[in-house]
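Results of the structural survey
Here is what each chain is made of, one letter per residue.
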Amino acid sequence: MNKDLQYYLQLPYRIVLYPSPEGGYAVEIPELPGCLSQGETKEEALAMIEDAKRCWLIDALEHGDPIPGSIR
């Protein structure tokens, strides 16, 4: 099976959201190393991590890097 961007975007990766010491919220997807973002509100941070996830996956696919499966 050829796994493409849409396949990986639909996987239920774990998202970790926590208050940032500077204010706002930090958010990450631990299974995708370096996939981090932030936002002033929880909603903004969650929207930003979706964009970061897309960029992370596109980069990994373009470079042939391994992409971890999701953790439920």
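The written sequence of each chain sets the order in which its residues are numbered from 1. Reporting of local features is limited, given that this is a predicted model, to residues whose pLDDT is at least 70; pairs of side-chain atoms are given and counted only at 80 or more, and all residues count toward the totals for whole chains, interfaces and linings. Side-chain descriptors were evaluated using all non-hydrogen atoms of the structure, hydrogens and water having been removed beforehand.

Only Phe, Tyr and Trp rings take part, Trp by its six-membered ring, and two of them pair if their centres are within 6.5 Å. Stacked means planes under 30 degrees apart, edge-to-face means over 60, and tilted covers everything else. In the structure shown here, the tally under the stated rule is 1 aromatic pair. Between the aromatic rings of Y7 and Y8, the centroid separation amounts to 5.1 Å while the plane-to-plane angle is 85 degrees, which identifies the pairing as edge-to-face.

Let us now look at the state of the cysteines. Any two cysteine sulfur atoms lying within 2.5 Å of each other are counted as a disulfide. Tallied over the entire structure, the rule returns 0 disulfides. Its sulfur unpaired, C35 is 8.7 Å from the next cysteine sulfur, which belongs to C55. Here C35 falls in the buried class, since its relative accessible area comes to 3%. The buried label applies to any residue whose accessible area, calculated with a 1.4 Å probe on protein chains only, is under 20% of its type's maximum; exposed applies above 50%, and partly exposed to all values in between.

Further remarks concern the pattern of salt bridges. Oppositely charged side chains can form a pair if their charged atoms are brought close together. Every case where a carboxyl oxygen of Asp or Glu lies within 4 Å of a side-chain nitrogen of Lys or Arg is listed as a salt bridge. The final tally for this structure, using the stated rule, is 2 salt bridges. Of the charged contacts, one joins E31 and R14 as a salt bridge, the two residues approaching to 3.1 Å between their closest N and O atoms. In this pair, E31 is assigned in the loop between β2 (25-28) and β3 (36-39) and R14 in the loop between α1 (5-9) and β1 (16-19), connecting sequence segments 17 residues apart. According to the relative accessible area criterion, E31 is buried, its value standing at 8%. Taking relative accessible area as the criterion, R14 reaches 39% and is therefore assigned partly exposed. Secondary structure counts use DSSP, requiring at least four H or I residues in a row for a helix and at least two E residues in a row for a strand, with both numbered from the N terminus.

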